[in-house]
Amino acid sequence: MIVDLSTVPLVALSAESKHIISVLLNPPKVIPSENGLPRDWRGLAHLCNLSGELMPLVTSHPDPATYILTAWQQKEQSITFKDLQIVLEEIERWDILDDTLELFERDAARYLEQEQKAQTSAEIIVNDVDEKVLTVDDLHRLRQGLESQYYDAFLLYADEDINFVTEMVDKLENQYNLKLCLKDRDLIGGVTFEHEAVMTLISERCNRLIVVVSSNFLKSSANKFFLNYAQALSIDKKQRKIIPCLYEKCQLPPQLSYMFVLDYNRVGLYDFWGKLRDSVQAPNKIKETANISHIKEIYYSNLDISDKDKKDKPNSKYVEPMELKEFNIKDEVEKLNKEKNLDHSECTSVHNAKNNNKKYTQFLQWKRWKHTKKGQNDKKEYVPITETVSLPSLEGLDTLSTSTESVTKKHKTRFINKYVKKVLIKS
C-alpha cells in the first residue's frame, strides 16, 4: 500500500520511529553539511525554528532529538512526515531517510486506518429503549422503528431433549409459520437477571407456554419454577396459558395432572403436530369479529333514534351513510325553477277553492303512534305527520247526563217500544 506522506501529520509518528531518529541524531557530528548546518540534533533544532528560550533546555536534555520533535509537533500541528524528510535532506542524513522509510509508511497507514474507523461512532444507549430489549429480534425491530417482538409461544424444555425440540421448532416455525421463543437461542447476552427476563417474556410477550414433559424436564428446578409461574398467570388472567407435550412416558407433575396433555407417542388417527399447531394459534378471527361488532355498536349509538328505526324496518328505504348516492345538483335546480314558474292562474284557483270550503276551516295536526318491533318493551315514538282531518259536527248529539232518572226513563222507553212492536207483529 503506497501512502502519501505529505497528507499524514507528524503526530502519527510512533515512539519506535522517534527512538530510531534520536539514536542517529543525538551523537554530535564534526563534519557539517554543504549548507553549513551540523548533521546532528543541532541542525534539526535550527531548521525547526525553535525559540531561544528552549535552546538551554534542549542542550541539557538527555535525549535532545526526541525533545525537539515533540516541541515541533506542539508548535506547528500541520507538520507532516514529508516535512521531516525534507529537514533530514537539508542536514544530509541519507542514512536516517533510508532506515526510517518503511517505519514512516507503516505509521502513516496505521494512522489513516484509525482515522477511518473514527468516522463511525457507536450508537448512544437510551435507557428507556434498552430496558425493553430482551431478545435478538427486539434489536432488529427497534432499528426499524417497530415495537418489541411478540411470540406465539415460549418453549420450555430440558437440555437433554434438544433433538426433539429441534424437530418441534422446524415444524412449528418453518411449516406452520408460528413464532417461538427459546431461551438459549433468542435471549440476548448481558441480561442482568435471566429468570426475570424469562418471566417477562412468558407473561407479556408470549401467548402460550409449550412444556416438553419428560423425565429430564422434572429434574430441573428452574423448569418447575417457570411452570408454577405460568400456572399462576393462567389462573390470574383466566387464559389457556400452558400446553403440555408428553415426550417420554413419565409421571406428570401435579400442575399438569388435570390438563389435557398432547402425547407425542400416541399412534392411530391422533395428529400430534396438528393438535399442537391448533393449540398454539390465537383465535384471531374471533378477535376481528369482536372488533367489527364494537365498531358497529359505536356507529349506531351516534345515529338518531329515527335513523335506528329506519334501519330496523325491512321495508324502509334506509341507506347507509357510506353508501349515499351523490345528488344531481342540476336536476335539483331545474326542479326548483319549475316550482317557481307555476301558472299564476292555477295558483289563484287553488287559493280560492281553499277559501270557499268553509267546512274545513279548522284543522288539527294529529300525531300518529309509531310502534317499534316486538321485544322492545312497548317503546313508542312520535312521528309528526301533516294530515288534514275534518272534525264531526256537534249538532244532533245527545247531551251527557249522569242522573239516574234519565237512565231509568231510557230503559222504560226501550221496553215499551219493544212491547208495542211485538203486539203489532202478532196482530
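Residues numbered from 1 in each chain as written. Predicted model: local features only at pLDDT ≥ 70, side-chain atom pairs only at ≥ 80, totals over all residues. Heavy atoms only, no water.

Going by the annotation in an unreviewed UniProt entry, the name recorded for the protein chain is Myeloid differentiation primary response protein MyD88, with Xylocopa violacea given as the source organism. As stated in UniProt under Subcellular location (unreviewed entry), the record for the protein chain gives "Cytoplasm". (UniProt positions renumbered as here; feature names shortened; annotations may be inferred.)

**What about the nonpolar core?**
Nonpolar side chains in soluble globular proteins generally cluster together in the buried interior. Core analysis: the biggest nonpolar cluster contains 30 residues, and Leu-25, Ile-68 and Trp-72 have the highest contact counts within it. For this core, the secondary-structure elements that each account for two or more residues are α1 (15-25), α2 (41-47), α4 (64-75), α5 (81-90) and α6 (94-117). Counting residues per element, this core draws most heavily on α4, which supplies five residues. Ignoring sequence-local partners within four residues, the contact set of Ile-68 consists of Trp-41, Leu-44, Ala-45, Cys-48, Leu-50 and Val-58. Among the nonpolar cores identified, the runner-up in size contains 24 residues, and Ala-158, Cys-181, Leu-209 and Leu-256 belong to it. (Core = buried A, V, L, I, M, F, W, Y, C linked by side-chain atoms within 4.5 Å. Buried < 20%, exposed > 50% of the residue type's maximum accessible area, 1.4 Å probe, protein only. Helix = DSSP H or I, 4+ residues; strand = E, 2+ residues; numbered from the N terminus. Contact = heavy atoms within 4.5 Å.)

**So, unusual backbone geometry**
Here Asn-177, not a glycine, exhibits a phi torsion of approximately 60°, which is positive. Mapping Asn-177 onto the fold places it in the loop between α9 (162-175) and β2 (180-181). According to the relative accessible area criterion, Asn-177 is exposed, its value standing at 63%. Unlike most non-glycine residues, Lys-238 shows phi in positive territory, near 60°. Mapped onto the secondary structure, Lys-238 falls in the loop between α12 (221-237) and β4 (242-246). On the basis of relative accessibility, which here comes to 78%, the residue Lys-238 falls in the exposed class.

**Topic: the packing of aromatic side chains**
Applying the stated criterion across every chain yields a total of nine aromatic pairs. A centroid spacing of 5.0 Å and a plane angle of 75° characterise the contact between Phe-272 and Trp-273, whose relative ring orientation is edge-to-face. Of the two residues examined, Phe-272 and Trp-273, each falls in the buried class. Here the aromatic cluster, defined as three or more aromatic residues joined through ring pairs, consists of Phe-164, Tyr-247, Tyr-264, Phe-272 and Trp-273. The ring of Tyr-176 carries the charged tip of Arg-277 above its face, separated from the ring centre by 5.0 Å. (Phe/Tyr/Trp six-rings, centres within 6.5 Å; stacked < 30°, edge-to-face > 60°. Lys NZ or Arg CZ within 6 Å of the ring centre and 35° of its normal.)

**Comments concerning the sheet that holds β4**
On the basis of which strands lie adjacent, the open sheet formed by five strands has the order β2-β1-β3-β4-β5 and parallel pairing. Pairing within the sheet leaves two strands with one partner each, and these edge strands are β2 and β5 (262-263). Two strands pair when backbone bridges link them, and β4 and β5 are joined in this way by two bridges, in the parallel orientation. Residue pairing across strands places Leu-246 opposite Asp-263, the latter belonging to β5. Helix-sheet contacts for α9 involve β1 (151-156), β2, β3 (206-213) and β4, and the interaxial angle to β3 is about 145°. (Pairing = 2+ DSSP bridges. Axes fitted to C-alpha atoms, helices over the stretch in contact; angles between N-to-C directions.)

**So, the packing of α1 against α4**
With their axes 8 Å apart at the nearest point, α1 and α4 run at an angle of 125° to one another. With respect to α4, the element α1 is oriented oblique. Of α4, the residues touching α1 (which contributes Lys-18, Ile-21, Ser-22 and Leu-25) are Ala-65, Thr-66, Leu-69, Thr-70 and Gln-73. Of the residues assigned to the contact of α1 with α4, the class counts are four nonpolar, four polar and one charged. (Parallel < 35°, antiparallel > 145°, perpendicular 65-115°, else oblique. Nonpolar A, V, L, I, M, F, W, Y, C, P; charged D, E, K, R; others polar.)

**Observations concerning a positive patch on the surface**
On the surface, a cluster of positive charge is made up of Arg-414, Lys-418, Lys-421, Lys-422 and Lys-426. Take Lys-418: it is sitting in helix α18 (residues 404-426). (Patch = residues over 30% accessible without salt bridge, like charges linked within 9 Å, V, L, I, M, F, W, Y side chains within 5 Å. Areas by Shrake-Rupley, 256 points an atom, 1.4 Å probe, with all protein chains shown as cover. Salt bridge = Lys/Arg side-chain N within 4 Å of Asp/Glu carboxyl O. Lys, Arg positive; Asp, Glu negative; His and termini not counted. Charge placed at Lys NZ, Arg CZ, Asp CG, Glu CD.)

**Side note on the pairing of β1**
When you tally the buried positions in β1, you get six out of six residues, the bulk of the element. With two bridges joining them, β1 and β2 adopt parallel strand pairing. Considered in β2, the bridge of Phe-154 is made with Cys-181. Each parallel crossover has a hand, and for β1 linked through α9 to β2 it is right-handed. (Right-handed = clockwise from strand over helix to strand, strands pointing away.)

**Describing the state of the cysteines**
For the structure on display, the rule yields zero disulfides. Not engaged in a disulfide, the cysteine Cys-181 finds its nearest cysteine sulfur in Cys-206; these two sulfurs lie 4.7 Å apart. Judged by relative accessible area, Cys-181 falls into the buried class, the value being 1%. (Disulfide = S-S within 2.5 Å.)

**Examining the packing of α5 against α6**
Put simply, α5 and α6 touch, their axes get as near as 10 Å, and they point 175° apart. When the axis of α5 is compared with that of α6, the two are roughly antiparallel. Taken together, the residues of α6 that come into contact with α5 (itself represented by Phe-81, Leu-84, Gln-85, Leu-88 and Glu-89) are Trp-94, Ile-96, Leu-97, Leu-101, Phe-104 and Asp-107. Taken together, the residues that form the contact of α5 with α6 break down as eight nonpolar, one polar and two charged.

**Concerning the pattern of salt bridges**
Any two side chains of opposite charge can pair, on the condition that their charged atoms come close. For the structure shown, the criterion picks out 12 salt bridges. Between Arg-42 and Asp-40 there is a salt bridge whose closest N-O contact spans 2.7 Å. Taken together, the salt bridges that share partners define one network made up of Glu-16, Arg-106 and Asp-107.

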